Amino acid sequence: MKITIPLPTTMTSHFIVAMEQVPFDVESFVPWRVGGPFKRAAITAAAHGTLSVTHHPTPWKPTTTTFTDDERRRLRRTRQHVVVSATAPPHKLPTAVQVARASARALARESDGLLIDPLTDSTILTCGRCAGEPTHFRLDDDWLSWDVQVHDAATCPPWDPSDMGACDCLRVTSRGLRRFALPEITLDGAACAHNLCATNLLRTVAGRLLTDHLSYLARHPEATTHKIDDFLHIQPADQPDGGLPFGVRLTPYDADAGELGRTGSIRRLKVGPAPGTGQITCLKVGPPSGFTGSLNDWLCATQASQHATLTSIDFHSPDPARVLAA
């Protein structure tokens, strides 16, 4: 079975720089004073209108509260913010968003501002000792975050690490894949004790999906859809420390639909497909149809031969200026 993912004509991604004051002209800083390997690409993108910078003389107000105490203190001191946006067709990814984030990173460093990615709901380090925007695209370079939730306490028995089958309260959902014209992915129904394993497995799945997706976009720049298999074969090369191959089942996920057997309220993340649109905004990850054990049995089996480490992809981007000028 194939899952059809619609591809939009253009994608827009935003980065926020919150600052106390702007000691320079923002529009002259970006793109002309963006240093490093992305300077030429930033100038080209600005000239073509795919990179924009908007100064707002007001504080930026977050919609969530996942920042650290120090980040919230810094944010309360800010009085202005700048929005750096990239708008480009999917086949220009990931270079277009790398150029935008490189510009925002340079702007934040110069103004001692706080660089925020509103899609992942996280901040990005911009200190003087930190490296600039990496040339090679890697998914674990702050491009992805995770929404970790548990179902209502009424559905969860007392936590017992030795009883993995008794708990199915955990839901982990990605934040950031839709930046690349992909649905977010979720794992729902694992044991609370499997939090790290579930996240690591989803990282592996996200890396494989995005690697295949970017390759497809590069080969088919005019495509309006991308059809993917609902069964994903994860190979040792897809995993950070090798490991045994395993299969993953992908299904369109309606986050608004309740599940039989649940009691109490369920806090649903609104990432499911909109009713009647047919657009897939979230894929549910689970064991293949031939697996006879529980979700927790499958999750343990996929992680048994490797350490709990972060998974990444290394996508060797072409020269940014040539890509954006094409």
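Residues numbered from 1 in each chain as written. Predicted model: local features only at pLDDT ≥ 70, side-chain atom pairs only at ≥ 80, totals over all residues. Heavy atoms only, no water.

**Thoughts on the pairing of strand 13 (residues 246-252)**
Here is step 1 of the chain: Where strand 12 (residues 231-234) meets strand 13, four bridges bridge the pair, whose relative direction is antiparallel. Looking across to strand 13, one finds that Leu232 is bridged to Val248.
Here is step 2 of the chain: In this structure, strand 13 lies alongside strand 14 (residues 282-286), joined through four bridges in antiparallel fashion. Considered in strand 14, the bridge of Arg249 is made with Gly286. (Pairing = 2+ DSSP bridges. Helix = DSSP H or I, 4+ residues; strand = E, 2+ residues; numbered from the N terminus.)

**Overview of the packing of aromatic side chains**
Here is step 1 of the chain: Applying the stated criterion across every chain yields a total of six aromatic pairs.
Here is step 2 of the chain: Between Phe24 and Phe29, the ring centres sit 4.9 Å apart and the planes meet at 25°, which makes this aromatic pair stacked.
Here is step 3 of the chain: Judged by its relative accessible area of 2%, Phe29 is buried.
Here is step 4 of the chain: With 6.2 Å between their ring centres and 65° between their planes, Trp143 and Phe180 make a pair best called edge-to-face. With Trp143 in the loop between strand 7 (137-138) and strand 8 (145-150) and Phe180 in the loop between strand 9 (170-175) and strand 10 (184-190), this pair connects stretches of sequence that are 37 residues apart.
Here is step 5 of the chain: It is Arg33 that lies over the ring of Phe24; its NZ or CZ is 5.8 Å from the centre.
Here is step 6 of the chain: Across the ring face of Trp143, the terminal group of Arg101 is positioned such that the distance to the ring centre comes to 3.8 Å. (Phe/Tyr/Trp six-rings, centres within 6.5 Å; stacked < 30°, edge-to-face > 60°. Buried < 20%, exposed > 50% of the residue type's maximum accessible area, 1.4 Å probe, protein only. Lys NZ or Arg CZ within 6 Å of the ring centre and 35° of its normal.)

**Overview of the sheet that holds strand 2 (residues 11-19)**
Across a sheet, paired strands are connected by hydrogen bonds in the backbone, their directions being either parallel or antiparallel.
Here is step 1 of the chain: Spatially, 3-4-2-5-6 is the arrangement adopted by the five strands of the open sheet, whose pairing is antiparallel. Edge positions in the sheet fall to strand 3 (51-56) and strand 6 (122-124), since each of these pairs with one other strand and no more. Within this sheet the neighbouring strands show an average axis-to-axis angle of 30°, counted without direction.
Here is step 2 of the chain: In the sheet, strand 2 pairs with strand 5 (residues 114-117) via three bridges, with the strands oriented antiparallel. Paired with Ile16 across the bridge in strand 5 is Ile116.
Here is step 3 of the chain: Sheet strands in contact with helix 3 (residues 69-77) are strand 2, strand 5 and strand 6, and its direction is about 110° off that of strand 5. (Axes fitted to C-alpha atoms, helices over the stretch in contact; angles between N-to-C directions. Contact = heavy atoms within 4.5 Å.)

**Quick notes on the environment of Thr78**
Here is step 1 of the chain: Following the sequence through the fold, Thr78 ends up in the loop between helix 3 and strand 4 (80-88).
Here is step 2 of the chain: For the pair Thr78 and Thr58, spaced 20 residues apart in the sequence, the C-alpha separation amounts to 8.5 Å.
Here is step 3 of the chain: Residues within four places of Thr78 in sequence aside, it is in contact with Ala18, Met19, Glu20 and Pro59.

**Description of the pattern of salt bridges**
Here is step 1 of the chain: Enumeration according to the criterion identifies 15 salt bridges in this entry.
Here is step 2 of the chain: Where Glu133 meets Arg101, a salt bridge forms, and the shortest distance between an N and an O atom there is 3.0 Å. One end of the pair, Glu133, is in the loop between strand 6 and strand 7; the other, Arg101, is in helix 4 (residues 95-111), with 32 residues separating them in the sequence.
Here is step 3 of the chain: For Arg101, a relative accessible area of 1% translates into the label buried.
Here is step 4 of the chain: Each of Arg101, Arg105 and Glu133 takes part in a single network of salt bridges with overlapping partners. (Salt bridge = Lys/Arg side-chain N within 4 Å of Asp/Glu carboxyl O.)

**A closer look at the environment of Leu7**
Here is step 1 of the chain: Mapping Leu7 onto the fold places it in the loop between strand 1 (2-6) and strand 2.
Here is step 2 of the chain: Overall, the relative accessible area of 9% leaves Leu7 in the buried class.
Here is step 3 of the chain: C-alpha of Leu7 to C-alpha of Ala181: the two residues are 174 residues apart in sequence and 6.3 Å apart in space.
Here is step 4 of the chain: Leu7 has contacts with Ala181, His213, Tyr216, Leu217, Ala223, Thr224, Thr225 and His226, leaving out every residue within four places of it along the chain.

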